[in-house]
Amino acid sequence: MGGNPKLKVRLDKIRENASRVVNLCKGAGIEAGGVTKGMCGNVSVARAMLEGGCAFLGDSRLKNIAILKREGLQTTFMLLRLPMASEMTDVVSYVDVSLISMPETIKLLDDACMALGLNHDVIVMVDVGDLREGIWPVSAEIEEMARALKASRKVRCIGVGTNVGCFGGVLPSSANLGHLLEVGHELERSLGYELRVYSGGGTSSLALVEDNTMPSGINQLRIGEAILLGSDITGKRLISHLHQDTLRLVAEVIEVRRKPSVPIGTIGADAFGNVPQFNDRGMRLRAILAIGRQDVRPEGITPLDRGVYVLGASSDHLIVDVEEMDHKLTVGDTLEFEVNYGAMLAAATSPYVEVVMEER
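These figures come from a predicted structure and were not determined experimentally. (Residues numbered from 1 in each chain as written. Predicted model: local features only at pLDDT ≥ 70, side-chain atom pairs only at ≥ 80, totals over all residues. Heavy atoms only, no water.)

Trainee: So what exactly am I meant to see when it comes to the overall build of the chain here?
Mentor: A tally of helices and strands in the chain yields 10 helices and 18 strands. The C-alpha radius of gyration computed for the chain amounts to 23 Å, which stays within 12% of the reference 21 Å derived for 360 residues, consistent with globular compactness. A principal-axis box enclosing the C-alpha atoms of the chain has dimensions of 75 × 45 × 45 Å. Counting the 360 residues in the chain, one finds 49% classified as buried. Taking as baseline every contact in the chain between residues at least 6 positions apart, the subset at least 24 positions apart corresponds to 65%. Total accessible area on the chain stands at roughly 16,800 Å², and carbon and sulfur atoms take up 50% of it. (Helix = DSSP H or I, 4+ residues; strand = E, 2+ residues; numbered from the N terminus. Rg over C-alpha atoms; globule rule 2.2 N^0.38 Å. Buried < 20%, exposed > 50% of the residue type's maximum accessible area, 1.4 Å probe, protein only. Contact = heavy atoms within 4.5 Å. Areas by Shrake-Rupley, 256 points an atom, 1.4 Å probe, with all protein chains shown as cover.)

Trainee: It is not clear to me how helix H7 (residues 174-191) should be interpreted in this structure. Could you clarify?
Mentor: Turn by turn, an α-helix covers 3.6 residues, leaving residues three or four places apart pointing in a common direction. Counted at 1.5 Å a residue, the expected span for H7 with its 18 residues is 26 Å, and the 25 Å between its end C-alpha atoms agrees. Among the residues making up H7, those that are buried are Asn176, Leu177, Gly178, Leu180, Leu181, Val183, Gly184, Glu186, Leu187, Glu188, Ser190 and Leu191. Where H7 is buried, its residues touch strand E6 (120-125), helix H6 (139-151), strand E7 (155-161), strand E8 (197-199) and helix H8 (206-210). (Expected span 1.5 Å × (residues − 1).)

Trainee: How should helix H10 (residues 341-349) be read in this particular structure?
Mentor: Among all positions in H10, only Tyr341, Ala343, Met344, Ala347 and Ala348 are buried. Taken end-on, H10 shows its buried residues confined to a sector of 160°, consistent with a single buried face. Tucked inside the fold, the buried residues of H10 contact strand E1 (6-10), helix H9 (225-229), strand E12 (247-260), strand E14 (301-303) and strand E17 (334-339). Backbone nitrogen of Gly342 and a side-chain oxygen of the N-cap are separated by 3.2 Å at the start of H10; the cap is Asn340. (Arc of directions from axis to C-beta. Polar contact = N/O pair within 3.5 Å; in protein donor to acceptor, adjacent residues only side chain to side chain.)

Trainee: Can you help me understand the pairing of strand E15 (residues 309-313) in this one?
Mentor: Put simply, side chains in a regular strand alternate between the two faces of the sheet. Inspection of the sheet shows E15 paired to strand E16 (residues 318-321) by four bridges, in the antiparallel sense. By the bridge assignment for E16, Tyr309 is matched with Asp321. Hairpin geometry of E15 and E16 is characterised by an intervening segment of four residues between the two adjacent antiparallel strands. (Pairing = 2+ DSSP bridges.)

Trainee: Is there a simple way to explain the pattern of salt bridges in this structure?
Mentor: Side chains that differ in charge, positive against negative, can pair when their charged atoms come close. In this structure the tally under the stated criterion is 21 salt bridges. Arg10 serves as the salt-bridge partner of Asp12, at 2.7 Å between the closest nitrogen and oxygen. Across the pair, Arg10 and Asp12 agree in class, each one buried. Here Asp321 ties to Arg281 by a salt bridge, and the two come within 4.0 Å at their closest N and O atoms. One end of the pair, Asp321, is in strand E16; the other, Arg281, is in the loop between E12 and strand E13 (283-289), with 40 residues separating them in the sequence. Classification of Asp321 by relative accessible area gives buried; the value is 3%. The exposure class assigned to Arg281 is partly exposed, which follows from its relative accessible area of 46%. Via salt bridges that share partners, Lys107, Asp110, Asp111 and Arg153 belong to a single interconnected network. (Salt bridge = Lys/Arg side-chain N within 4 Å of Asp/Glu carboxyl O.)

Trainee: Please explain the nonpolar core as it appears in this structure.
Mentor: Soluble globular proteins tend to bury their nonpolar side chains together. Counting residues in hydrophobic clusters, the biggest one holds 93 residues, and the most contacted among them are Val21, Met39, Val124, Leu187, Leu249 and Leu289. What Leu249 contacts, discounting residues up to four positions off in sequence, is Lys6, Leu7, Ile291, Val296, Ile301, Leu335, Glu336, Phe337, Val339, Ala347 and Val353. By size, the runner-up hydrophobic cluster in this structure holds 10 residues, among which are Val35, Leu80, Ile158 and Val197. (Core = buried A, V, L, I, M, F, W, Y, C linked by side-chain atoms within 4.5 Å.)

Trainee: Please clarify how the environment of Asn279 should be interpreted in this entry.
Mentor: Turning to its location among the elements, Asn279 is positioned in the loop between E12 and E13. According to the relative accessible area criterion, Asn279 is exposed, its value standing at 63%. Taking C-alpha positions, Asn279 is 6.9 Å from Ser261, a pair spaced 18 residues apart along the chain. Residue contacts for Asn279: discarding those within four places in its chain leaves Ser261 and Val262.

Shown next, in the form of structure tokens:
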């Protein structure tokens, strides 16, 4: 059906971003993979990442990886979220490399591999301070993982990895990635063989590559945001050598009226349990767009038109101030917005937003 909000995707710019990231990393001896989860495993976006030179694809959702494989994409697939016990058979069927942090997971993966006659590679995740997934970097936990790996028949550890920034906001540094190297070397001694992958995080770790402070030995990064948006939200920066105008959100105007800028009546909580705050700016021209919090994170969108200001949103309506626009807005017009990572993630996942591919 027509009229849905649209997320316009410039595939040529995503492809070029991927190429620039791959070449930057290659110059530092680092393999770069493309992370597709921000675009809900979109096949066209995944293909553009591979055409840009990404060495593998990673996604947090097994369903996305299964779709990409069924579409015939030829590459190594990495499951970025720790696998669930309830999905082990599908994990070893569709995924080449899993990120793991629990000895129990290794046993479950190994049993699934034995049942299917398959082998499976894993990367042991190490928590270097962000407090999301990973073993704590102490000898007892490293030894426990080594024992589980040595007992497995079909699961082989190919490396260690870490995640920073996504939960605790911790920035990658030579010091905390140095801890990853130390854990990897200790795990190598316990396993009796060398690990070929030292996976040092994602987009936020690119800053270390750019300023030549990435510790020697880190040889893999998993990149999503930089390729998709040309930004690094953890580092609070736009990446100057990448395109930022890769995605545009388009929504249709369904009401334009002049109204007070402060609601009238006793203020309670909104539909999401928050108590809204308003500045009294008198009577203002406001527009309502046919998109809401069910589709996008309104805090993460920026209007492209001058004089448009996002006021807030309910589940299905986005309210904007258009008093200062230099042209008249009417029902049926559309407004466009830049999106940050959180807004992109929501819009790409919403079944009510149409994803439109563009090439120039």
